[in-house]
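# Inside the fold
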Amino acid sequence: MSENKSACEGCKSGCGHSKVAGIQKLEPNSSSRIENIIGIVSGKGGVGKSFVTSILATAMVKKGYYSAVLDADITGPSIPKAFGIDEMVMGNGKEIYPAISNLGIEIMSINLILEKSTDPVIWRGPIVGNIVGQFFTDVVWNHVDYMFIDMPPGTGDVPLTVFQSIPLSGIIIVTSPQELVSMIVEKAYNMAKMMNIPIIGLIENMSYFVCPDNGKKYNVFGESHIDRLAEKMGIPVLAKLPIDPKISSLADSGCIEQYDISRLEKAVEALENLN
């Protein structure tokens, strides 16, 4: 596909997104107020993208901002569990009201409209993309300084839908130390560049492990390549997050908002500079 052709060219779905000049950006609900929208992306699964999404939203709230999470990982949602939210969201037939976390983070996820959180979502890509769009347009996002969109891995239907139809302020790419992941990160980077989406920076998760017995730092997944990769791409490294068993415990117990945000200062600064 050439860079100047719409990915929806030839589509006969009648969804209204396709225009002769390209893709029409979606408008949020008329009652919504959203200042900055940040996509959290990765080239592959298993790097902790949802974790990074959750702690960034938490960090901005703790810095005095209003934040929200739109869980666009429709077939593998994990955001409600991390925040300890299990009740279904409410609506009035035309609008949907997001769930609110303990710290006031507005959250919307497919798991919040399913009768059971364990019900599988067996939908084809175009339907999944439409649902993500509806989460943006039909949900009343009351007061949001920073919305974080947790996207599924790869460069498929949902990332394409978000990149094309939601007015992103930029993206943050999540990676881990393996050389293979570095290669896949470049795919996400190149996709964003092709679609003129600003890249805020990189966050490396599972970067190292600090042994509680001797205080030494161990590179469990091998030597990190993120600094070299960031230099090659010309973008900053926003954080290097360690392997920490406490993280799993916080997420499993729905207490991710208790995470220590001190390692995210550079990421917070980058987000504040968007304004």
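Below: a short report on this structure. (Residues numbered from 1 in each chain as written. Predicted model: local features only at pLDDT ≥ 70, side-chain atom pairs only at ≥ 80, totals over all residues. Heavy atoms only, no water.)

## Quick word on the pattern of salt bridges
A complete count under the given rule lists six salt bridges for this structure. A salt bridge links Lys 49 to Asp 150; the shortest N-O distance between them is 3.0 Å. In this pair, Lys 49 sits in helix α1 (residues 49-62) while Asp 150 sits in strand β9 (residues 144-150), placing the two residues 101 residues apart along the sequence. Residue Lys 49 shares its accessibility class with Asp 150, and that shared class is buried. It is possible to trace a salt-bridge network through shared partners that takes in Arg 33, Glu 35 and Asp 145. (Salt bridge = Lys/Arg side-chain N within 4 Å of Asp/Glu carboxyl O. Helix = DSSP H or I, 4+ residues; strand = E, 2+ residues; numbered from the N terminus. Buried < 20%, exposed > 50% of the residue type's maximum accessible area, 1.4 Å probe, protein only.)

## Let's talk about the nonpolar core
It is characteristic of soluble globular proteins that their nonpolar side chains tend to be buried jointly. Within the largest apolar cluster, 85 residues are counted, with the highest numbers of intra-cluster contacts made by Leu 56 and Ile 149. The element best represented in this core is α1, accounting for eight residues. Not counting chain neighbours up to four residues away, the residues in contact with Ile 149 comprise Ile 37, Ile 38, Gly 39, Ile 40, Leu 70, Ala 72, Val 162, Ile 166 and Leu 168. (Core = buried A, V, L, I, M, F, W, Y, C linked by side-chain atoms within 4.5 Å. Contact = heavy atoms within 4.5 Å.)

## Digging into the side chain of Ser 50
Tracing the backbone shows Ser 50 in helix α1. On the basis of relative accessibility, which here comes to 14%, the residue Ser 50 falls in the buried class. Side chain to side chain, Ser 50 and Ser 78 meet in a polar contact 3.2 Å long. Beyond its immediate sequence surroundings of up to four residues, Ser 50 is in contact with Ser 78, Ile 79 and Asp 150. (Polar contact = N/O pair within 3.5 Å; in protein donor to acceptor, adjacent residues only side chain to side chain.)

## Some points on the packing of α1 against helix α8 (residues 265-272)
With their axes 10 Å apart at the nearest point, α1 and α8 run at an angle of 70° to one another. Taken together, the axes of α1 and α8 are roughly perpendicular relative to one another. Of the residues in α8, those touching α1 at Leu 56, Ala 59 and Met 60 are Ala 267, Val 268, Leu 271 and Glu 272. Residues that form the contact of α1 with α8 fall into these classes: six nonpolar, no polar and one charged. (Axes fitted to C-alpha atoms, helices over the stretch in contact; angles between N-to-C directions. Parallel < 35°, antiparallel > 145°, perpendicular 65-115°, else oblique. Nonpolar A, V, L, I, M, F, W, Y, C, P; charged D, E, K, R; others polar.)

## Regarding the environment of Ile 256
Looking at where Ile 256 falls in the secondary structure, it is placed in the loop between α7 (245-252) and α8. When the C-alpha positions of Ile 256 and Asn 219 are compared, they lie 24 Å apart, and in sequence the two are 37 residues distant. Among residues more than four places away in sequence, those in contact with Ile 256 are Phe 51, Ser 54, Ile 55, Thr 58, Ala 82, Phe 83, Leu 250 and Ala 251.

## Describing the packing of aromatic side chains
Counted under the stated rule, the structure contains two aromatic pairs. When the centroid spacing of 5.4 Å and the interplanar angle of 85° are considered together, the rings of Phe 51 and Tyr 259 count as edge-to-face. Here the residue Phe 51 occupies a position in helix α1, and Tyr 259 occupies one in the loop between α7 and α8, the gap between them amounting to 208 residues. Over the ring of Tyr 208 we find Lys 217; its NZ or CZ atom is 4.2 Å from the centre of that ring. (Phe/Tyr/Trp six-rings, centres within 6.5 Å; stacked < 30°, edge-to-face > 60°. Lys NZ or Arg CZ within 6 Å of the ring centre and 35° of its normal.)

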